[in-house]
Amino acid sequence: MNNQYLDVFLEEAKEHIENLNKFLLQLENNPSQEIVDEIFRSAHTLKGMSGTMGFTQLLELTHEMENLLQDIRSKKIGVNERIIDTLLKCVDILEELIHDVEETGQEQERDLQLVMQMLKDKSGESFKGQMDASQSKVEIAEEKKEKDSLDLHNLNEYEERIIRKAKDQGLYIWKIKVTLVDECLLKSARAFLVFKNLETFGDIIKTEPSVQDIEDEKFDNEFTLYLITSKSKDDISRALSSVSELKNVDVVNVDPDSIVVSNDDSGKELDPIESVRSLESKQQNTKAANNFKKTTKTLRVDIERLDNLMNLVSELIIIKTRLEDIKDNNYQTQRETVEYLERITSNLHDAVMKARMVPIENVFNRFPRVVHDLSRELSKKINLVIEGAETELDRTVIDEIGDPLIHLIRNAADHGIESPQERIKKGKPEYGTINLKAYQDGNNVIIEVSDDGKGIDLNGVLAKALESGRVSKEQAKNLKDYEIISLMFEPGFSTSSKVTDISGRGVGLDVVKTKIESLGGSIETTFVKDKGTTFQIRLPLTLAIIQALMVSVGNEKYAIPLSSIRETVIVAKDQIKTVQKREVIMLRGNVIPIVRLNEALDTEKLDEHQEDLTLVIVKKGEKNVGLAVDGLIGQQEIVIKSLGKFLNDIKFIAGATILGNGEVALILDINKLV
Amino acid sequence: MADNIRQFVEFKLGQEEYGIDILQVKTIERMMPITRVPKAPKFVEGVINLRGEIVPVIDLRKRFDLPAAETTENTRIIIVSVDDITVGMIVDSATEVVQLSQEAIEPAPPITSSIDSDYLDGVGKLEGKLLILLNVEKLLKPQEIDELAQI
């Protein structure tokens, strides 16, 4: 149950981090009051959530950020590059902290000193002078809200929802401020007694400071807690009067309508019931860390899509009863029912696939920040234009595609786009543009990363390849352009003569290519000298279900993904020739090497005396290879299943699928086989 | 049940009786068609379709270098699950579930059985017989498998 609570926290926290990044970048380009407010809200909500969960470092850092932001809001200081950078730095650290929580269930000690100092420095005295000198970019006119009165509730939206829910149920919400006597020795013990007494009445939803801090005696003489209960104020006072060493107890009713909360659109889809349920586990949260397991992957699904699924499932149930009712062997009814069933299963398949689809926005959102950082590092001026962020892709692909894309963007920024001086000399606009575009094309999604930089220096690539002995001089003469480009995708290749932080370490495009291929996609490169380079990534819409050709090898069945098949041919044995000890055939003027699957897969050899050889011609990039099989079974739609962790690295096998008769057939990994 | 009582699924390999902690056992299945996986380690018999899930199956006899045995009526596949890894293990027969108190479990002496004591959790004493307790985690550890695959 704690886990569930933590999942919600993580999900929301990540969204706020994303928001912070997004709005901070907007603030830099286009400062306005609303954006500052947005940032403030996100930071504030994050602070509240962290406090509730007892994550002190997160709390401290967001608190400092809030102070700085408050000063910006109240126009005490203006926005400049340094402030934005400091805040971005903070967001990075927040992200790391949240990542730690996700991995281990608790915060890891991180050094906050430096950025805290930076934050304080800017919000403090030394900064104010500077403010007058540099013109404030932000026009802010809003009075600072007074704080720290008992009527003002430092609640986030999360907690507010719980309170509203409670009020709807006719419960009281009390804010209780407990002050201990000055000479109180066992402060946490007294606090514990207060908690214990109150817990019998209802649920404590929030404490200030956090439960952890109270347990660790990290508070002065007073603490505040929010209690949801059916009991009256008097009952509470009476219950607490039995605890000694209490100096004062203030009980105030909380009206949800008066709560000033950080209003953020995240989390709205959350089920309020879930929040209330999480109340139950509230007290144990701080202990959750001990028996923590890595959080599960979650996915937000449009309720409409789920409804659709539900409908289809109820249709399945109807058809089940219909099947049960077929008593005699009425062929007509039977066939109709099976047809009906077929229609439902294919609709069901569609619906489930749709439920797994996520807009690529989730990945693209990180990139403005990446480009911002890159342009600083490289002292180049770069604009990022994003198109088609609403294009949807399978969740699995979304999770994997981020890193390759970052790599391509870095590449474009580092190798593609020229320095501002160089650009002006060439008569180009000072600002370079990186274009990120996604769109659907049939059963594929295309993602393009293009820049308007200098293009690819083919001679440079070739020179590098010669230098590293990748190609010989004779070979080099005959290489076509696309072959030279493909050299860039080989392991350890880098055109950059100097190694920068950003790229050029030689672990680059080959990794991108491998990753994309492992997702069942492909990548193409085009460029025009001095006009720019485009990397086009083609990805399948979903990984779960593919069209495949079933073949037999020995007595076994294997599936070959249709997407990598060019054609199938049957050749007479005497057409097979041997070149450099490898078997090849000539097909329409092309030499195609042959791989005998029964040898590669160690299956039994069937009749050697056959006259013909059945070949499945598969492609890997520009290369064609013929796979010799014993028989073709037919084309089939198959569901890809993983072999699991235990058999993770089996050569040649990409996965398995279950055939109609319940048998398991393995799917060949063409990239490894060829 | 008292805290120090553990339950074990008892099974046979040849003449010897073994036990696996019941908490690691998902189900016990009868023998079913197994699809061979090429290039897999020798003791990996293949994969099965366990109600829609692909589960690798290892032959425990091969895993411990015991002589191969015929599949019989009694042959079973014990499906075990440790961390995220689910694997089926072919055994000669699965007999019963036994309870052992912590006191009845002793560390495995170096030479107890035909298998390497690295894979043992200990030996359980039952009336009239000894139960060799397998450490499934060690048995399934990936690096172990890699090493074995290279030999």
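Residues numbered from 1 in each chain as written. Chains lettered and ligands numbered in written order. Predicted model: local features only at pLDDT ≥ 70, side-chain atom pairs only at ≥ 80, totals over all residues.

Asks: Could you give an account of the overall build of chain B, with specific residues and numbers?
Replies: Of the regular secondary structure elements, chain B holds three helices and 11 strands. Sequence-ordered secondary structure for chain B, helices as α and strands as β, is β-β-β-β-β-α-β-β-β-β-β-β-α-α. Expressed as a percentage of the 151 residues in chain B, the buried residues total 38%. Intrachain contacts of chain B at a sequence separation of at least 6 include 53% that bridge at least 24 residues. (Helix = DSSP H or I, 4+ residues; strand = E, 2+ residues; numbered from the N terminus. Buried ≥ 20, exposed ≤ 12 C-beta atoms within 10 Å, placed from the backbone. Contact = placed C-beta atoms within 7 Å.)

Asks: Which residues make up the packing of helix H2 (residues 33-53) of chain A against helix H3 (residues 56-73) of chain A, and what values do they have?
Replies: Residues and elements named next belong to chain A. Direction vectors running N to C along H2 and H3 enclose 155 degrees, while the axes themselves pass 9 Å from each other. With respect to each other, H2 and H3 are oriented roughly antiparallel. For H2 against H3, the interelement crossing comes out left-handed. Taking contact as the criterion, the partners of Val36, Ile39, Phe40, Ala43, His44, Leu46, Lys47, Ser50 and Gly51 in H2 are, on H3, Leu58, Leu59, Thr62, His63, Met65, Glu66, Leu69, Ile72 and Arg73. When its residues are assigned to classes, the contact of H2 with H3 shows 10 nonpolar, five polar and three charged. (Axes fitted to C-alpha atoms, helices over the stretch in contact; angles between N-to-C directions. Parallel < 35°, antiparallel > 145°, perpendicular 65-115°, else oblique. Left-handed = near helix turned anticlockwise from the far one by under 90°. Nonpolar A, V, L, I, M, F, W, Y, C, P; charged D, E, K, R; others polar.)

Asks: Please give an account of the pairing of strand E7 (residues 85-91) of chain B that cites residues and values.
Replies: Residue and element names in this part refer to chain B. The element E7 is extensively covered by neighbouring structure, given that five of its seven residues are classed as buried. For strand E5 (residues 53-59) and E7, the ladder comprises three bridges, and the chain directions are parallel. In the strand pairing of E7, isoleucine 58 is matched with methionine 89. In textbook terms, the turn of a hairpin is the stretch between consecutive antiparallel strands, and for strand E6 (residues 76-82) and E7 this stretch comprises two residues, one of which, aspartate 83, has a positive phi near 50 degrees. (Pairing = 2+ DSSP bridges.)

Asks: Please provide a residue-by-residue account of the nonpolar core, values included.
Replies: Among the nonpolar cores identified, the biggest contains 72 residues, and A:Ile560, A:Leu668, B:Val47, B:Ile78, B:Met89 and B:Leu134 are the most heavily contacted of them. In this structure, B:Met89 is in contact with B:Ile58, B:Leu60, B:Ile77, B:Ile78 and B:Val80, ignoring residues within four places of it in sequence. Within the second largest apolar cluster, 37 residues are counted, among which are A:Tyr5, A:Phe9, A:Val91 and A:Ile98. (Core = buried A, V, L, I, M, F, W, Y, C linked by C-beta atoms within 7 Å.)

Asks: Please set out the sheet that holds strand E14 (residues 565-572) of chain A residue by residue, giving values where relevant.
Replies: The strands making up a sheet are joined through hydrogen bonds of the backbone, oriented either antiparallel or parallel. Residue and element names in this part refer to chain A. If you trace the six strands from one edge of the open sheet to the other, you get E14-E18-E19-E17-E16-E15, paired in mixed fashion. The sheet is open, and its two edges are formed by E14 and strand E15 (577-579), each paired on a single side. Pairs of neighbouring strands in the sheet enclose a mean axial angle of 40 degrees, with direction left out of account. Pairing between strand E18 (residues 612-620) and strand E19 (residues 623-629): seven bridges, direction antiparallel. By the bridge assignment, threonine 614 is partnered in E19 with valine 629.

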